[in-house]
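Commentary on secondary and tertiary structure
Each chain is listed here by its residues.
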Amino acid sequence: MTNDTRQWTPDSWQSKPAAQQPSYPDAEALHKTVEKLSKLPPLVTSWEIEKLRSQLADVVRGERFLLQGGDCSESFEDCQSDAITSKLKILLQMSLVLTQSGRKRVIRIGRFAGQYAKPRSSETETHNGVTLPVYRGDMINRPGFTKEERRPDPDLLLRAYERAALTINFIRALIDGGFADLHHPEYWELGFVRKSPRAAEYMQMVESLGESLRFMETLTGSTIAEMNRVDFFTSHEGLHLWYEQAQTRKVPRRPYWYNLATHFPWIGNRTRSLDGAHVEYFRGIRNPIGVKIGQPITPDELVALCRILNPENELGRLTLIHRFGADAVERELPPLVDIVQKHGLAVVWCCDPMHGNTEVTSTGVKTRRFERIVRELELSFQILKEHGTHLGGVHFELTGDQVTECVGGACGLTEADLTRDYRSSVDPRLNYEQALEMAMSLARLMRQ
Ligand code: PEP
Ligand code: CO
């Protein structure tokens, strides 16, 4: 394995084994589509990417906190104004809680505008004696269980790119129009905020944030400009390498290659093999990147991964998103933190308390328990602190809607409630009330 970036090209991953890729029946159709994709204008700019890199460097220094969240898997059907605004609203509300009560500036990264491809544990699925390719996300095939729907269709790559563009366009317009202005948190109020068990606590934070802003503005005699426009960044798992390659570009006056389909792509836990195509692709792009870290991983493997993906050991380039589960984190995380500290590797430590805490109920429904999610966060804060470093961020699967997919929390959802409004086609998400409550628990942990 070489770290020599001179030998890297946007398509050099093709000479390595690529896990979790669909097999397209018509290779020529795929290549024509990738060609079309690569001619479309980018979704994000190199300036934004550089800005996020530098803000993530602040996280390494303990000066900012990263909040990343959104659906496990976006669907084409959910590319609608209501679904997008409610996702934006819950992330804004959570970040307000973390800023006000956790006392840190917050970077907001949505799991949206491209989260359309999913890794799966098996290639096929069998029902009533019929075996078909598994559903791999709206970018690749369709969820319905027919041969036609499960056939990987290259055209869906273009449809995904267009929907990502529609999503990001709407988010930018909302933010430019003042939707995210901290002077007007009432814009982000979701219909049911007042019914939430945590409503009073949240409203009090909004109130006291307003007071602090007014106080500062009286003192300085001007409006605090940074508060009028908060930043929002996009992210998705960089799983489908043809899609990622198509938007990998050089821009004028910069020496680097950028993935211009998203600000912050990450490598999934199943595709981070040192000799695999994903690590090869990711090592050559300039974007700040994430890597999911779960079992099985050894300390030596983690060091090798950091050296390949961040050979210059630059602050803000690499975020390690650990996801061991509340039961395993005390055993798995300390040796990794030890070795990263020992080698002086600059990383953002981010906890994904969702993917290690998935369980299946006795009636066969996939769920996650609020209390276990909080427990993994609590342990992660503690472990990193004990090792002389800090937890820099969190990664959630959540939605701004009142779905019933995870159990527990102050809203008291039980297993019996799961059938009421379970919408996710892949993993269970925190609903609006659970997400807001999670932010409050998190803020408490940040203050400790
Ligand atoms: C995910 O984030 O939806 C996911 C599949 O995570 P992981 O790679 O950690 O399993
Ligand atoms: Co998931």
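Our subject in this report is the structure included herewith. Quick caveat: nothing in here was measured; it's all calculated off a predicted structure.

1. Some details on the sheet that holds strand β2 (residues 105–110)
- Here eight strands make up a closed barrel; going around it, the order is β1-β2-β5-β8-β9-β10-β11-β14 and the pairing parallel. Across the sheet, the mean angle separating the axes of adjacent strands is 30° when strand polarity is ignored.

2. Regarding unusual backbone geometry
- Here the residue pair Gln295 and Pro296 is connected by a cis peptide bond, since its omega of -5° sits within 30 degrees of zero.
- If you trace the backbone, Pro296 turns up in the loop between β9 (289–293) and α9 (299–309).
- Although it is not a glycine, Ala113 adopts a positive phi angle of roughly 65°.
- Relative to the helices and strands, Ala113 is located in the loop between β2 and β3 (124–127).
- On the basis of relative accessible area, Ala113 is assigned to the buried category, the value being 1%.
- With a phi angle near 45°, Asn128 is a residue other than glycine that sits in the positive phi range.
- Here Asn128 is to be found in the loop between β3 and β4 (130–133).

3. A look at the coordination of the cobalt ion (ligand 2)
- Bound to the cobalt ion (ligand 2) on the protein side are Cys72 (SG), His355 (NE2), Glu397 (OE) and Asp427 (OD), at distances that span 2.1 to 2.4 Å.
- The motif formed by the donor residues of the cobalt ion (ligand 2), counted along the single chain, is C-x282-H-x41-E-x29-D. Taken together, the positions of Cys72 in the loop between β1 (64–70) and α3 (81–100) and His355 in the loop between β11 (348–351) and β12 (358–360) put the pair 283 residues apart, joining distant regions of the chain. A single burial state applies to Cys72 and to His355, both of which are buried.

4. Observations regarding the site of ligand 1
- Surveying the vicinity of ligand 1 reveals the residues Cys72, Arg111, Lys118, Pro119, Gly268, Asn269, Lys292, Arg323, His355 and Glu397.
- A distance of 2.7 Å separates an oxygen atom of ligand 1 from a polar atom in the side chain of Arg323.
- For ligand 1, whose unbound accessible area comes to 300 Å², protein coverage reaches 98%.
- Considered class by class, the residues forming the shell around ligand 1 number two nonpolar, three polar and five charged.

5. Some words on the side chain of Asp427
- Position of Asp427 among the secondary structure elements: in the loop between β14 (393–397) and α12 (432–447).
- You can call Asp427 buried: its relative accessible area is 8%.
- A polar contact of 3.0 Å, which involves the side chain of Asp427, links it to the side chain of His355.
- There is a polar contact of 2.8 Å between the side chain of Asp427 and the side chain of Lys366.
- Filtering out sequence-adjacent residues up to four positions away, Asp427 remains in contact with Cys72, His355, Lys366, Arg368, Glu397 and Glu405.

6. Concerning the side chain of Asp71
- Residue position: Asp71 is located in the loop between β1 and α3.
- Here Asp71 falls in the buried class, since its relative accessible area comes to 3%.
- Within the structure, Asp71 has its side chain in polar contact with the side chain of Arg429 (distance 2.8 Å).
- Sequence-distant contacts of Asp71, defined by excluding residues within four places in its chain, comprise Lys87, Arg111, Gln115, Leu398, Thr399 and Arg429.

7. Concerning a nonpolar patch on the surface
- Where nonpolar side chains cluster on the molecular surface, the patch consists of Phe215, Met216 and Leu219 and spans about 330 Å² of accessible area.
- Exposure remark for Phe215: the relative accessible area of 53% places this residue in the exposed category.

8. Side note on the packing of aromatic side chains
- This structure, assessed with the given rule, holds eight aromatic pairs.
- Relative to Tyr243, the ring of Tyr161 has its centre 6.1 Å away and its plane inclined at 70°; by these criteria the two rings are edge-to-face. Of this pair, Tyr161 sits in helix α5 (residues 155–176) while Tyr243 sits in helix α7 (residues 241–246), and the two are 82 residues apart along the sequence. For the residue pair Tyr161 and Tyr243, the accessibility class agrees, reading buried in each case.
- The ring of Tyr256 has Arg286 sitting right over it, with the charged end atom 4.2 Å from the ring centre.

9. Side note on the pattern of salt bridges
- This structure, assessed with the given rule, holds 34 salt bridges.
- Among the ionic pairs, Lys39 bridges to Glu35, the shortest N-O distance being 3.3 Å. In this pair, Lys39 and Glu35 are both assigned in helix α1 (residues 27–39), four residues apart and thus about one turn of the helix distant.
- Residue classification places Lys39 among the exposed positions, given a relative accessible area of 62%.
- In this structure, Lys87 engages Asp71 in a salt bridge whose closest nitrogen and oxygen atoms are separated by 2.8 Å. Here Lys87 is found in helix α3, whereas its partner Asp71 is found in the loop between β1 and α3, with 16 residues between them in sequence. Each member of the pair, Lys87 together with Asp71, is buried.
- Where salt bridges share partners, they join Arg111, Lys366, Arg368, Glu397 and Asp427 into one cluster.

10. Structural notes on helix α6 (residues 199–220)
- Between the first and last C-alpha of α6 there are 32 Å, a value that for 22 residues agrees with the 32 Å anticipated at 1.5 Å per step.
- If you check which residues of α6 are buried, you get Ala199, Tyr202, Met205, Val206, Leu209, Gly210, Leu213 and Glu217. Relative to the axis of α6, the buried residues are bounded by an arc of 135° and lie together on one face. More than 90 degrees from the buried face of α6, the exposed residues found are Ala200, Gln204, Phe215, Thr218 and Leu219.
- Of the surrounding secondary structure, the elements contacted by the buried residues of α6 are α3 and α12.
- Just beyond α6, the residue with positive phi is Gly221, at close to 70°.

Parameters and conventions
- Residues numbered from 1 in each chain as written.
- Chains lettered and ligands numbered in written order.
- Predicted model: local features only at pLDDT ≥ 70, side-chain atom pairs only at ≥ 80, totals over all residues.
- Heavy atoms only, no water.
- Pairing = 2+ DSSP bridges.
- Helix = DSSP H or I, 4+ residues; strand = E, 2+ residues; numbered from the N terminus.
- Axes fitted to C-alpha atoms, helices over the stretch in contact; angles between N-to-C directions.
- Buried < 20%, exposed > 50% of the residue type's maximum accessible area, 1.4 Å probe, protein only.
- Donors = N, O, S within 2.8 Å, 3.2 Å for Na, K, Ca; no water.
- Near = heavy atom within 4 Å.
- Polar contact = N/O pair within 3.5 Å; in protein donor to acceptor, adjacent residues only side chain to side chain.
- Areas by Shrake-Rupley, 256 points an atom, 1.4 Å probe, with all protein chains shown as cover.
- Nonpolar A, V, L, I, M, F, W, Y, C, P; charged D, E, K, R; others polar.
- Contact = heavy atoms within 4.5 Å.
- Patch = residues over 30% accessible without salt bridge, like charges linked within 9 Å, V, L, I, M, F, W, Y side chains within 5 Å.
- Salt bridge = Lys/Arg side-chain N within 4 Å of Asp/Glu carboxyl O.
- Phe/Tyr/Trp six-rings, centres within 6.5 Å; stacked < 30°, edge-to-face > 60°.
- Lys NZ or Arg CZ within 6 Å of the ring centre and 35° of its normal.
- Expected span 1.5 Å × (residues − 1).
- Arc of directions from axis to C-beta.

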